[in-house]
Amino acid sequence: MTSIATPSAKVRPASVGLMGGVKQLLRMRETGLILIILALFIAMSFASPYFLTWNNLRAMAMAFAVEGIVVVGMTILLISGGIDLSVGSVTALAMVIAGLLFLNGVDPWIASGIAIAACTAIGAGMGFFVTRVGLHHFIVSLAVMVIARGLCLLGTGGRPLGLYTLPPEFKFIGQGSIGVIPVVIIIFVVVVVVFDFLLRRTTIFRKVFYTGSNEKAAAYSGIRTKKVVFLTTTLCSALCGVAGIIYMARFGSAQPTFGIGMELNVIAAAVIGGASLSGGSGTIFGAILGTILLSVVSSSLALLDVSVYWQDIIRGSILLTAVTIDHYLNKRRG
Amino acid sequence: MSGHAENDPILKITGLTKSFGPVKALRGVDFELRRGEIHAIAGENGAGKSTLMNIIDGIHRPDGGSMLLDGKPVSITSPAMAQQLGIGFVHQEIALCPDVSVAENIFMSVTNTTRSLLMDYATLERKAGEILGQLGDIDPSVLVRTLSISQQQLVEIAKALTLDCRVLILDEPTAALTEREAQILFGIMRKLASQGISIIYISHRMVEIFQNCDRVTVLRDGQYIATKNVAETTPGEVVSAMVGRVIDNLYPAKLGDNERSDEIILDVRNLTERTRFRDISFQLRKGEILGLAGLIGAGRSEIVKGICRLEGEVTGEVRLHGQPLQIAHYGDSISEGIVYLSEDRKGDGLFLDMSIASNVAALSVEQVASRLGIIDEQRETAQAELLGSRLNLKCAHVGQPVSALSGGNQQKVAIAKMLSVNPKVIFLDEPTRGVDVGAKAEIHRILRDLARGGVGIIVISSELPELIGVCDRVLVVREGRISGEVSGDEMTEDRIMYLASIGEERALAS
Ligand SMILES: Nc1ncnc2c1ncn2[C@@H]1O[C@H](COP(=O)(O)OP(=O)(O)OP(=O)(O)O)[C@@H](O)[C@H]1O
Ligand SMILES: [Mg+2]
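Residues numbered from 1 in each chain as written. Chains lettered and ligands numbered in written order. Predicted model: local features only at pLDDT ≥ 70, side-chain atom pairs only at ≥ 80, totals over all residues.

Observations concerning the overall build of chain A
Piece 1. What chain A contains, in helices and strands, is 14 helices and four strands.
Piece 2. Going through the 334 residues of chain A one by one, you find that 50% of them count as buried.
Piece 3. Long-range pairs, those at least 24 residues apart, make up 78% of the contacts in chain A between residues at least 6 apart in sequence. (Helix = DSSP H or I, 4+ residues; strand = E, 2+ residues; numbered from the N terminus. Buried ≥ 20, exposed ≤ 12 C-beta atoms within 10 Å, placed from the backbone. Contact = placed C-beta atoms within 7 Å.)

Quick look at the site of ligand 1
Piece 1. Around ligand 1, the structure places 21 residues, and the nearest of them are Phe20, Asn45, Ser50, Ser406 and Gly408 of chain B.
Piece 2. Mapping the residues near ligand 1 onto chains gives chains A and B.
Piece 3. At the level of elements, strand 2 (23-34), helix 1 (49-56) and helix 14 (407-419) of chain B are the ones that each hand at least two residues to the shell around ligand 1.
Piece 4. Class assignment of the residues belonging to the shell around ligand 1 gives a composition of six nonpolar, 13 polar and two charged. (Near = placed C-beta within 6 Å. Nonpolar A, V, L, I, M, F, W, Y, C, P; charged D, E, K, R; others polar.)

Observations concerning the interface of chain B and chain A
Piece 1. Counting residues at the interface gives 35 residues for chain B and 28 residues for chain A.
Piece 2. For the side of chain B that touches chain A, the secondary structure elements donating two or more residues are helix 10 (330-336), helix 11 (345-349), helix 12 (356-361) and helix 13 (377-390) of chain B.
Piece 3. Residue composition of the side of chain B that touches chain A, grouped by class: 17 nonpolar, 13 polar and five charged.

Details of the packing of helix 12 (residues 262-272) of chain A against helix 13 (residues 284-303) of chain A
Residue and element names in this part refer to chain A.
Piece 1. Remark: helix 12 packs on helix 13, axes separated minimally by 6 Å, with the N-to-C direction vectors making an angle of 120°. In terms of orientation, helix 12 lies oblique with respect to helix 13. By crossing handedness, the relation of helix 12 to helix 13 is classed as right-handed. Residue-level inspection shows Asn265, Ala268, Ala269, Ala270 and Ile272 of helix 12 in contact with helix 13, the latter providing Ala287, Gly290, Thr291, Leu293 and Leu294.
Piece 2. When the residues that make up the contact of helix 12 with helix 13 are grouped by side-chain class, the tally is seven nonpolar, three polar and no charged. (Axes fitted to C-alpha atoms, helices over the stretch in contact; angles between N-to-C directions. Parallel < 35°, antiparallel > 145°, perpendicular 65-115°, else oblique. Left-handed = near helix turned anticlockwise from the far one by under 90°.)

Points about helix 9 (residues 300-307) of chain B
Count 3.6 residues to each turn of an α-helix, and residues three or four apart come out pointing the same way.
Piece 1. Of all eight residues that make up helix 9 of chain B, eight are buried, and the element is covered over most of its length.
Piece 2. For helix 9 of chain B, the complete set of buried residues consists of Arg300, Ser301, Glu302, Ile303, Val304, Lys305, Gly306 and Ile307 of chain B.

Overview of the nonpolar core
Piece 1. Counting 174 residues, the largest nonpolar core has Met74, Ala94, Ala98, Leu239 and Ala270 of chain A as the members making the most contacts within it.
Piece 2. Sort the elements by how many residues they give to this core and helix 11 (residues 225-251) of chain A lands first, with 16 residues.
Piece 3. Apart from residues no more than four positions distant in its own chain, Leu239 of chain A is found in contact with Ile69, Val70, Val72 and Gly73 of chain A.
Piece 4. Listed in part, the 70 residues of the second largest apolar core include Val29, Leu132, Leu154 and Val238 of chain B. (Core = buried A, V, L, I, M, F, W, Y, C linked by C-beta atoms within 7 Å.)

A few points about the domain arrangement of chain B
Residues and elements named next belong to chain B.
Piece 1. Assigned domains within chain B: domain 1 (9-243) and domain 2 (257-508).
Piece 2. With centres defined by C-alpha atoms, the gap from domain 1 to domain 2 works out at 30 Å.
Piece 3. Contacts between domain 1 and domain 2 engage 21 residues on the former and 22 residues on the latter.
Piece 4. Grouping the amino acids of the side of domain 1 that touches domain 2 by side-chain chemistry returns nine nonpolar, eight polar and four charged. (Domains from an automatic or database assignment.)

Pasting the structure below:
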């Protein structure tokens, strides 16, 4: 499929004028998603007067912003042909490590640095098992998911760590605003914009596409595919570390059971946004739209007082529907 | 065949049309297949041959036109249905399951046609063994992954033969076969035809068509041009019908005596790999095109892959323009300007779901990027367009995914990818596999021009006429060693085959 995923998909003959612009827009695979999200917004604004209020929008944005950082890492990993089930527990582990260090008198910034480094090392470890030992991403990250969760519970005795003495300038990352815009959202936007650009335009990330599209052909093009996969695996865990620290600053506590089931949400978002589980395609922009869609659905269901059990069923059905629609849209475009 | 006159066509197609988006792959094609005939289909890359076959096999649905099987209108909607109607299809691209055994791959299609739930494995195995035995020496119990491309192609053929079909479609089956294997296949084809089975045979090689087929249908740009009795036409006539003009010189002129140079581009000494080859020494001189001949499995591909460090643990010395080559990895080899065109374009040559432009840029994305590593899409596009037009690539635009191109045009993308880095030495493994006559001549001319311009060219080919037509000198490899060298008048198919299969070392001395 020529999706927007291949950066050079844009080299189609330039269309001119307004109609050309509209056609171009309709060709983008993200357009379908944007329309679905818009439709939801319109429907919800009728269904609940509270939906379109600043507070609700802000709460929704805060909810997906931090997870969105993990989605970025997951999307890049999926493009390279990998997958990571450990994102939820690694995110929690970052919180727990930084929290424990802080409680033992380490400066919170240094503690955060160490926690992110630890997560990066976990990613590198997974990368090692995948590329050097030759195990599958699925199995390695499944094991790490369980181990990291175990470490969280071990370190905290299963209880959240209250970090009441976190200095305000640290909490600012998670709770503060610049003007009316929450810092969390600013960080999220910066991460998304930077990685979207890197992924579309830089040689290093192009090699991620080559590797995921056909690993053997990539090797036969002189690309060190193992190095690529190692790096994408590491990057995903590192971004989990960053997300964990932001969560900690936001909650003012470290929660050992945080992020259970997060991997499903994150993978679903990336896939709804066009990433392929077999590697080689995906965009940050699409994945973020996927995240937004899931998040809007969640908060709508909550607003409408739908039972939690139904929420899961609806979310799953949405995943299936979105992926099916996308599949057909792309097939038609050829 | 009861109830039918011997000359009634088994398959009759009229006015078939098919478009892929804006691309009109078939525009009103007529085709008629008689019982027990071997019917060739000829046409340039992208002429619509595979598309026509895919419609007969139910993979694609036609947009218009009619199809009669045994005089009755049919609409074939799936390959499984085609199999039930007795149509067997050996695809242009090999599509086997690499991780299961040869026998299981062969049985896979049988599960579609058998009516009983239980499979008669004993019979199947005997049958598979028999068919494989006829085709060559392949152990039905080994994993497909371990087979060479030509062996895999044989398995594909065996797979189709196991089905008792009435119509057998072979889409460029010999592109991946050696001369000898091809001859065996032709024998089988003739036997099947004499049993009343009709065969559709697609090939870009006129010799094969004229030696083995009864009739030939020519397509050009999706249009039906003509059907002729092979006995009443000539290769020249068929080729001009295919391309719509006269092609006079199939092979470019070779190196003249006064053009020979003593300058050595690549100097290989005592190259050895643990199991695959030993003591390989040769020199590639400036301006010449050097060929590597040998049977499949002789180690030709392994030798060149060893030189550029794509595969194997190699010892020995390689000098490029007099400088000892120190490379640890194929990426280094590319930076030194030594590149390898893979024989398996689908498996390891191309990124099928990515755009033509991205494929062409793959060897060195840095080249179309700024110093900071930011890709300039305009440069990427321009590069692909330039190389594409040099190779006469047929595509709507270079943003198209490679999977939308015909087989031969995919090969051109693979070659454009090699040329993108302005290489000093190119190893081409089966460079014209599946490429049509016109494009083939074009590729040969480009190789000659590159050689004249000082690029070292080494060609591996299982098609002996190609090696003899293109190369100035041919090294013959047998069982991992160089068993002889031929050049000038000595370069004959007999001589090369002799060295490849018997390979007297003494022959070198004479
Ligand atoms: N799935 C597809 N999507 C879009 N275009 C296609 C598709 N399949 C084939 N085409 C186009 O249809 C035309 C005919 O292709 P086809 O594969 O039938 O050629 P061919 O005669 O078999 O060529 P070759 O000798 O190279 O195998 C080409 O222009 C090709 O690009
Ligand atoms: Mg074809």
